[in-house]
Amino acid sequence: MTEITPVPLLDLKPQYRALRDEITAAVTAVMESQHFILGPEVEALEREVASYCACPHGVGVSSGTDALLVALMALDLGPGDEVVTPAYSFFATAGSVARLGAKPLFVDIEPGTFNLDVAALETAMSDRTRVLLPVHLFGQMADMDPVLDLARRHEVVVVEDAAQAIGAEERGRRAGSLGELGCFSFYPTKNLGAFGDGGLVTAQSDERAEQLRQLRNHGHRDKYYSATVGGNFRLDALQAAVLRVKLRHLDSWSEARQRNARRYRELFADADLVAEAAAGGEVRERRGVVLPAERGDCRHIYNQFVVSVHRDTRPGLLEDLRRRGIGHEIYYPVPLHLQECFSELGYAEGSFPVAELAARQSFALPIYPELTEEQQVGVVTAIAESLGRRAA
Ligand SMILES: *Cc1c(COP(=O)(O)O)cnc(C)c1O
């Protein structure tokens, strides 16, 4: 076995070290101001992120989860309402719907991109459907034209879960700018990560933006006068200060992630490991790796680089990677429709075969911007040796 230096799934330290002086100055300025909640730093961040996302408005909130929650609250979603959303995403996408007493209606994903299968959308909708909630998973946008077209025809609202997709584009259009509302997360593992939790909602109309600003602060229209019931979903000035420094570097980081993705494609090809999945997404080859599909005319920002292997091969392979210190993670081991908390929705195993296969076959590899070619060679070598040994 080749000697391989361990590679973490994500290492935020090099990014921090490179920006330490800038960040320290920005954080110190907030501390000197002693203005910690909302205020000028948050307002500046909102303008900058809105402009980055090609949206007229941005409203800073406490997390990506709260971005989804407050967006759906602004649409007055509640019991009796339904939201159509993919069966394969981070939990919060569906959790935010359920927390408001509304019902998530799931659709399967397409193999390759892991994004929602737009062909399945219309049949999933009912006359109670009020929102379509596509997710731009792993940093690549879902196919939005059919979603937008369907929403127009059925007079329902589109909310984008763009938590993993800040700066992603589809035919020149930015994630978060196509739906009525777009939800972003600044969780530290996202391409633009805070020093803690944070999030933002983009909005197309002045009215919605104003409504979001009220809802994130107890529904206050004027101080202590509430027309609606909101909550505390506010963003801290310290987080905004950190994020403003980082935003200036976001494009270079996303480009480095794209370079790393290209490098993986070359390295897996050189190792003769690239496999194709069957039509339904199943990986039948035991000594191969299916690479993530890139849609044409898209800017994929590679928040994650998710590969798939034969389902019987994955446990042993991941065990080998764990032993050799190669970072990896399964996003996500349980599709949303099979989560215990959603059992009352009545989805059986087999309802969404592509999502279920993804849960059994896929896993993420390190893709962070500062990853070196040598580290990527180590990752691919470890995978090649494990698959070679186990298939022999
Ligand atoms: C991260 C994430 C969220 C939630 O964001 P938090 O900031 O962690 O609350 C929602 N949806 C998706 C797809 C995510 O990846």
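As the structure is a prediction and not an experimental result, all values here were calculated from the model. (Residues numbered from 1 in each chain as written. Predicted model: local features only at pLDDT ≥ 70, side-chain atom pairs only at ≥ 80, totals over all residues. Heavy atoms only, no water.)

### What to know about the site of the ligand
- Gly64, Thr65, Gln164, Ser185 and Lys190 are the nearest of the 16 residues found near the ligand.
- Gly64 is positioned with one of its backbone polar atoms (N or O) 2.8 Å from an oxygen atom of the ligand.
- Within the contact set of the ligand, an oxygen atom lies 2.5 Å away from a side-chain nitrogen or oxygen of Thr65.
- If the ligand stood free it would expose 380 Å²; the protein chains cover 93% of that surface.
- Using a 2 Å cut-off from the grid points, one finds that the ligand occupies the largest pocket.
- Sorting the residues of the shell around the ligand by element identifies helix 3 (64-74) and helix 4 (91-99) as the ones contributing at least two each. (Near = heavy atom within 4 Å. Polar contact = N/O pair within 3.5 Å; in protein donor to acceptor, adjacent residues only side chain to side chain. Areas by Shrake-Rupley, 256 points an atom, 1.4 Å probe, with all protein chains shown as cover. 1 Å grid on protein atoms, 1.4 Å probe; cavity = no way out; pocket = protein on both sides within 12 Å on 5 of 7 lines; lining within 4 Å. Sits in = over half its atoms within 2 Å of the grid points. Helix = DSSP H or I, 4+ residues; strand = E, 2+ residues; numbered from the N terminus.)

### Examining the domain arrangement of the protein chain
- Here the protein chain is described as being made up of domain 1 (13-247) and domain 2 (250-391).
- Taken together, the two surfaces of domain 1 and domain 2 that pack against each other cover about 3,700 Å², and 61% of this comes from carbon and sulfur.
- Ranking the residues of domain 1 by area buried against domain 2 places Tyr88, Phe138 and Asn191 at the top, with a combined share of 20%.
- There are 2 salt bridges connecting domain 1 and domain 2.
- Here Glu170 makes a salt bridge to Arg295, at a shortest N to O gap of 2.9 Å.
- Joining domain 1 to domain 2, the criterion identifies 29 residue pairs in polar contact (both at pLDDT 80 or more).
- Mapped by element, the contributors of at least two residues to the side of domain 1 that touches domain 2 are helix 1 (13-33), helix 4, strand 3 (103-107), strand 6 (169-170) and helix 8 (237-247).
- A total of 5 residues in the side of domain 1 that touches domain 2 trace back to one element, the largest contributor, which is strand 3.
- Of the residues belonging to the side of domain 1 that touches domain 2, the class tally is 26 nonpolar, 11 polar and 10 charged. (Domains from an automatic or database assignment. Buried area = accessible area lost by both parts, 1.4 Å probe. Salt bridge = Lys/Arg side-chain N within 4 Å of Asp/Glu carboxyl O. Nonpolar A, V, L, I, M, F, W, Y, C, P; charged D, E, K, R; others polar.)

### With respect to the pairing of strand 9 (residues 199-203)
- For strand 9, the tally of buried residues reaches 5 of 5 residues, placing the bulk of the element in the interior.
- Burial of strand 9 is two-sided: the residues Gly199, Val201 and Ala203 facing one way and the residues Leu200 and Thr202 facing the other way are all buried.
- When strand 1 (residues 57-61) meets strand 9, the two strands line up antiparallel, connected through 5 bridges. Counted as the bridge partner of Val61 is Gly199 from strand 9.
- The pairing of strand 8 (residues 181-185) with strand 9 spans 5 bridges and is antiparallel. Residue pairing for strand 9: Cys183 is matched across the bridge by Val201. (Buried < 20%, exposed > 50% of the residue type's maximum accessible area, 1.4 Å probe, protein only. Pairing = 2+ DSSP bridges.)

### Describing the state of the cysteines
- All told, the structure shown has 0 disulfides when counted by the stated rule.
- Cysteine Cys55 is unpaired, with the sulfur of Cys53 as its nearest cysteine sulfur at 5.7 Å.
- Left unpaired, Cys341 is separated from the closest cysteine sulfur, that of Cys183, by 19 Å. (Disulfide = S-S within 2.5 Å.)

### Some words on the sheet that holds strand 1
- The 7 strands lie next to each other as 1-9-8-5-4-2-3, forming an open sheet whose pairing is mixed. For this open sheet the edge positions go to strand 1 and strand 3, each flanked by a neighbour on one side alone. Geometrically, the sheet is characterised by an average inter-axis angle of 25° between neighbouring strands, direction not taken into account.
- When strand 2 (residues 82-86) meets strand 4 (residues 129-132), the two strands line up parallel, connected through 3 bridges. Among the inter-strand pairings, Val83 is bridged to a residue of strand 4, identified as Val131.
- Relative to the sheet, helix 4 contacts strand 2, strand 3 and strand 5 (157-161), its axis offset from that of strand 3 by approximately 145°. (Axes fitted to C-alpha atoms, helices over the stretch in contact; angles between N-to-C directions. Contact = heavy atoms within 4.5 Å.)

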